[in-house]
Every structure is written in C-alpha cells, then in structure tokens.
Amino acid sequence: MIIRLVMLAEFVAITAALAMPESLQSLGLASFILATAALVVAIFPSPASLGLTKLLRPGPVVVLAAPALWMALQVVPMPMDTLGNPIWATASAALSEPLAEIITVDLRATMLSLAQYCAVLAAALVTAVITLDRYRAAQVLHILLSIATIATAMWFGKETAGVAGPDDSTIAVLGVLLSCATAIRSADQIARHGRPGTVAPVRLLALSAATIAMIVCLAALLIRTNSTAVVAALLGSGILLSVFVIRRWFLGLWGTAGVFATAAIIFIASVTVIPFRANTDVTIALSTSSQVATERMLQDVRPVGSGAGASTVLLPLYRDVGIGAPRERPTAAAAMVIDMGWAFLCGLVVIAMLGACILIRRSLSRAYDYVYPALGAGASIALTILAFADHGILGLGASLLVAALFGLALGQSVSAAGREAISLESKEASDWMAGPAPASRPRLAPAFVTLWPRAALAVLGIALIIQTIWMAGWFLGGQSSLSAAVSAAAAWPNGISKPVSAAAAHEVPWIRGESRSRGDPALAADEQKTELPAASNAFARALRSSPLRGDIWLMLAGAPKQNSIQTAAMLKMSYYTAPNDLDLLPLRLSVALATDAVVRELEFRDLIKRDVSLVVTRRPAIRPALVAAYRSASAEGKIYLENLISELDPTYLDNMRARNSRQGSR
C-alpha cells in the first residue's frame, strides 16, 4: 500500500509539473510531493527499498551528488580576487556596503536550480526503488507512456491551434522511446507466453496502445519540430531495436558485433542528416533557432561558470535591442556551459556515454525484462543529442519525466543473480534487526549496507523540505515586499511609469504598478513617508541576491533623498545591467537628465546619447518619453537634450518644445 501511494504521489508531481507553467509554485509543489515520497520510502522499510543497496554504489552516489555539491559551492563566499564573480564587487561599491564575492551572479536563480536538481534526483531514486519489482516496473512504464503521449498530444494541439507555448519536443522524443520499449516488451511476451494461434488480449491491447502512442509522438515530431529531434528519437529507438534483435535471435559474439556495427553505421549516416551550423560554438551547432545572444555569452564564459540558472539572468544583457525580437532560449548544452563551466558539460557527456554502455551490457546480461536498461541507454543517446539542439531537457516537467525514466532503467538493470543477492541481504538485515544484539562485529555489515541508502534518501527528503520552506518563505515574504515596494515606487516624485513598474516586478505577475493609496490625498502623503524608505530597503535587499537586475537599480536610482553620487552609481549599474531594455528608457532618461552630476560626466553623456538615438531613430512610438524627460530635466540636462535632438531630428525639437510649453501652461 505504501509503495502504491508513493507511486501515485510521484506521478502526480510529474503530471502537475507538465500541466502547470514553470514557476515558483510548480517547483515548490513538485519538491514537496517528492520530498514526502522520499521520506516515506526512507522511514518505512520494504523489500523494495532494502534492495536499493545494490543500486547505490559509492561511485554512482558520488556522480549523482557532484552537481548538487557544485551548485552549493557556487553560493559560498569566495576569497577575494579568486573565483568570485566581479559583479559582486561592483554592486558592493554601488550600494556602499560590503557584499561577499561568490561564483554565481544570481543567488536566487542558483538556489532554485539546486532545488530542481534535488527534486529530479528524488524522482529518479524513488522510481528506482519502486521498479525493483518487475510487475511495478511494467506499471510505471505504462504510466510514463500515458503521461508522455497525453502531454505530446496537448502540445501538438496547442501548436496546431496557433497558441504559443514552450517547445515540448523532448517529451515527444521520450514518448517515442517509451512506446518503442512497450511494443518490444509486449511482442517479447507474446512470443514467449502466447500459445500457437492465440494472443492474450491484455498483451495485444498493450501492443496496440504502444503503436498508437508512437504514431502520435512521431507525427508531432515530424510536423512540429526539426530534423534533429526526429534523428534523436530514431537513434534512441535504434538502440532498443538492436538489443531486441540480439536477444530475439540469440546471436553470438560476432552476431552482436555485427548488429552494433550496423547500428554505428546508421548512427553516422543519421548524423549527416542533422543540419549543423558552421562557424559557431559546438553547444549551439544543432539549434535551428536564433542563438545570437547565446553565442555572445559563450564568448565570455568563465571556467567555473556564472552560477546555475545564470544563463536566463544574463540573456537580457546580451540580447539585441528590440521589443519585437523573438524570445531566445539557449540550448541545454550552452546553458550548462554558461552556468557550470565547460568541464561540467564534458564530464556530463562522458558519463552519459559510459552510462549508455553499462546499461546496454546489463540489458544483454538479463534473462528477462531486458527492455528497461535498453530504454535507459537509448534515452542517454537521444537526450545527449537533444541537449545540443534545444532547451527542453532543462524544463521542470521534462526533467522529472527523464528522471523517472532513468530511475526505471536503473531499478531494472540488476541481473537475476543480483536480485537474489538483494533478497538474501534483505533477509539477513531483517533477521539481524529483529533478533538480539550479535556478539561479533562482522554482523554489523549487513545492517550498515542496508541502512545507509535509506539514510541518504532521508537526507535528500529533508533537504527538499527545507528548500520548499525557503521557496514558500520567499514567495510569501520576498515577493510581497517587492510588490509593496513597486506599488510605493509608483507614487515617487519621479513618476515611475507602468511599463517600468511591470519590468521591475516581472517575477510578480499581479503587480500593476499602481499605488494603493490613490483615494485620499492626505492618507497617501502619510503612507508615502513610511513607504518610501521601506521601498528603497526592499530594492536593496533584492539587489543583494540579484545584482544584475537593471530595473531594480534604476528604480533605486530614482528614489527620493538620494544624493547625486548615489544616483550616478546606481544609474550606471542600470545602464550596464539592462542596456537593451526599452521599457526602462523613459525613467532612465528622466533620472539621468535631472541630475547635473550625471549630465556632466562624459561616460554618461555617451550612454544618454545612445538612449536618445534609439528613441528618435528606431522607436518613434515612445517619443513622448523625451517630452517628459525634457520637462523634468535640469538646466544643463535640457541644453544637452536639445543638442542631441537637433543633431538627430531638428524638426522634432520644435515639436518637443511646443508640447512642453502646452503641458506646462496647464
């Protein structure tokens, strides 16, 4: 009963992650469910959970823990002038307070990435425990196939209807692999257990369902994705079919070598079909979408990376100016290099290939149910190719589905002899725990070997619970304080516009950039006295964990009671951390032109000239922002703005003066 509840909880988490948009709420929900499942498996022992000792050897444990340890290291303060990112020293100077230098450029993004990885790890280990039993393994295979097929059908329907959504080609590829594995398993059972001239209805139904699922997923890939995803799905399925051919006809050593040689030739021929991009980084060579900003980020990549999740934060800095520019997403391989460094990606590719070889070897050594480790091997090949083509593998729903698939392959990769050893060790450990304390020390070994994997699962579950509490606290505390700060900033004398408020609160969807106290002017004045310092403190707290938030730097620069030195420092940070965000142009020009110390500095003059040139020549729709900036500018700021506009568009200068005089007479 406990195992069934754990199965239900895990698949609810995967389904919710696929159905809900990626957000803090969906990650928190998945983390809580998977933490509960991991703790249940660790606290309530069962023959299946005891069998985890054969799977979690010291080597695999080190490999699985390494990414989490590296992410945790990225948020640890580093000694000065070593691995710490220089942005922290710059932010410390701008805020006039000491900030510890760390590797990541965004503390919150790295912590969320760590939480997602722990959730993925929990999903894989819990699935491995569940699927040590062959009958539950078949149930998990069918459930995963159903989830992947339904998700692919929904994605295909949205794309057909013209509704924009994330690219779920990774789910479709997994659906092809799962349907192929289900079809091979059904065909193998029909051949082994079926009577001559008769076929069991249940096996025939499974084979038919697998065929329908494969048609749906392949159709979605052929119609809605690029050739790289199709080739990845076919190569992964080819691994499954190769193992099936070897096992079905009991080929010898030379026959096995011939099958794999044929598979290698097909692999090489398939690679020639994939459209490689010439003269570009290898991590984006298979991508068919625009990767201009990603290529720029890769040129500046640091050996230790910029922190897990940093690619999303850094992307706006490298993106070209333009509101209508298509939304770019780095490939999974490029994101790993930017976030974790080149060594991490190379090690991951090597481990994926070694894992595929080990799973193939274990599949060929199994007496029955060899399809599960072969499925893991095929997925390793297919997902490695997809990582260089798109970003889908890093999504929350896709990563949890991948984790469940590899957990299934891991749980069923133990041979029959190994399973007998598992049962024997489980019996010995149970007898030892139930009986009196032994007199000899060697009897401690079975109990220790049995208990330490459960302890590891318990630690992982506790870590997920702590991360869930942190996410809930940030959501209820951090976002609400930022929401209140943006609402208070809307009433500042500088006149924060709605687009700027929305940009500053892009993580809080319900913020509209309107003040809460527009009804009573007297009440608004009283509230503003207390809200303005609180808003400034909230913005400063946000910058202590995310110093690349150019919108927050700008709003803090426009805060009242800032001296010219503070305003200049924070305004410079806004220019350098959000150079191409057009939503910030109105407020940035107003703040810059209203401060004489800014206008007099040559560096700021070039930056102001760039913004004015963008407005006049490329974005005439936001030209009214120049009138507002001109009206609030200082005397030197007005003169400098007039000179700039006279060079760019002399006719608009007279228009701006006329509009300013009309608005001033009202």
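You'll find the structure just up there.
Residues numbered from 1 in each chain as written. Predicted model: local features only at pLDDT ≥ 70, side-chain atom pairs only at ≥ 80, totals over all residues. Heavy atoms only, no water.

A. Fine view of the overall build of the protein chain. Helix and strand counts for the protein chain stand at 29 helices and 0 strands. Once local pairs closer than 6 in sequence are excluded, the contacts in the protein chain between residues at least 24 apart make up 78%. (Helix = DSSP H or I, 4+ residues; strand = E, 2+ residues; numbered from the N terminus. Contact = heavy atoms within 4.5 Å.)

B. Region of the structure containing the side chain of Asp390. In this structure, Asp390 sits in the loop between α16 (371-387) and α17 (396-411). For Asp390, which is buried and forms no salt bridge, the nearest opposite charge comes from Arg329, at a distance of 8.4 Å. Within polar-contact distance, the side chain of Asp390 engages the side chain of Ser169 at 2.9 Å. (Buried < 20%, exposed > 50% of the residue type's maximum accessible area, 1.4 Å probe, protein only. Lys, Arg positive; Asp, Glu negative; His and termini not counted. Salt bridge = Lys/Arg side-chain N within 4 Å of Asp/Glu carboxyl O. Polar contact = N/O pair within 3.5 Å; in protein donor to acceptor, adjacent residues only side chain to side chain.)

C. A look at the packing of aromatic side chains. For the structure shown, the criterion picks out 1 aromatic pair. The positively charged end of Arg134 is found above the aromatic ring belonging to Tyr135, 5.9 Å away from the centroid. In this structure, Lys638 packs its charged tip against the face of Tyr630, placed 5.6 Å from the ring centre. (Phe/Tyr/Trp six-rings, centres within 6.5 Å; stacked < 30°, edge-to-face > 60°. Lys NZ or Arg CZ within 6 Å of the ring centre and 35° of its normal.)

D. A look at the nonpolar core. Among the nonpolar cores identified, the biggest contains 174 residues, and Leu375, Leu400, Leu571, Ile608, Val612, Leu626 and Met656 are the most heavily contacted of them. In this view, Ile608 contacts Tyr575, Leu589, Ala592, Leu593, Val598, Tyr640 and Leu644; residues no more than four positions away in its chain are not counted. (Core = buried A, V, L, I, M, F, W, Y, C linked by side-chain atoms within 4.5 Å.)

E. Here's a closer look at empty space enclosed by the protein. Taken as a whole, this structure holds 1 cavity of 30 Å³ or more when the rule is applied. Counting residues per element, the lining of the largest cavity draws most heavily on helix α8 (residues 169-193), at 5 residues. Here the residues of the lining of the largest cavity sort into 3 nonpolar, 1 polar and 4 charged. (1 Å grid on protein atoms, 1.4 Å probe; cavity = no way out; pocket = protein on both sides within 12 Å on 5 of 7 lines; lining within 4 Å. Points joined across faces, edges and corners; volume = space filled by probe spheres on them. Nonpolar A, V, L, I, M, F, W, Y, C, P; charged D, E, K, R; others polar.)

F. Up close: unusual backbone geometry. Although it is not a glycine, Ser96 sits at a positive phi angle of roughly 60 degrees. Take Ser96: its relative accessible area is 59%, and that puts it in the exposed class.

G. Structural context of helix α23 (residues 564-577). Helix length check: α23, at 14 residues, gives a terminal C-alpha distance of 20 Å against a target of 20 Å (1.5 Å per residue), a fit within 8%. What α23 keeps buried is the set Thr567, Ala568, Met570, Leu571, Met573, Ser574, Tyr575 and Thr577. For α23, the secondary structure elements touched by its buried residues are α5 (87-95), α13 (310-318), α22 (550-557), α24 (585-593), α25 (596-600) and α26 (602-618). (Expected span 1.5 Å × (residues − 1).)

H. Region of interest: helix α28 (residues 635-648). The end-to-end C-alpha distance of α28 is 20 Å, a good match for the 20 Å that 14 residues give at a rise of 1.5 Å each. Within the span of α28, buried status applies to Gly637, Tyr640, Leu641, Glu642, Leu644 and Ile645.

I. Here's a closer look at the pattern of salt bridges. Tallied over the full model, the rule gives 8 salt bridges. Among the ionic pairs, Asp551 bridges to Arg549, the shortest N-O distance being 3.1 Å. Pair check on accessibility: Asp551 and Arg549 agree, each one buried. Note that Glu636 and Arg600 form a salt bridge whose closest N and O atoms lie 3.0 Å from each other. With a gap of 36 residues between them, Glu636 in helix α28 and Arg600 in helix α25 connect regions that are remote in the sequence. For Arg600, a relative accessible area of 53% translates into the label exposed. What emerges from the salt-bridge pattern is a single network uniting Lys572, Glu601 and Glu603.

J. Structural context of a nonpolar patch on the surface. Nonpolar side chains collect at one region of the surface, where Ile2, Ile43 and Phe44 lie side by side and expose about 280 Å² of accessible area between them. With respect to the helices, strands and loops of the structure, Ile43 is situated in helix α2 (residues 24-43). (Patch = residues over 30% accessible without salt bridge, like charges linked within 9 Å, V, L, I, M, F, W, Y side chains within 5 Å. Areas by Shrake-Rupley, 256 points an atom, 1.4 Å probe, with all protein chains shown as cover.)

K. Examining the environment of Leu55 more closely. Inspection of the secondary structure assignment puts Leu55 in the loop between α3 (47-50) and α4 (58-74). C-alpha separation for the pair Leu55 and Ser413, spaced 358 residues apart in sequence, amounts to 8.7 Å. When sequence neighbours within four positions are dropped, the list of residues in contact with Leu55 reads Pro60, Ala128, Leu132, Leu410, Gly411, Ser413 and Val414.

L. Local environment of the environment of Asp281. By secondary structure assignment, the location of Asp281 is in the loop between α11 (253-271) and α12 (292-299). Taking the C-alpha atoms as reference, Asp281 lies 7.8 Å from Leu298; in sequence the two are 17 residues apart. Residue contacts for Asp281: discarding those within four places in its chain leaves Glu295, Leu298 and Trp342.

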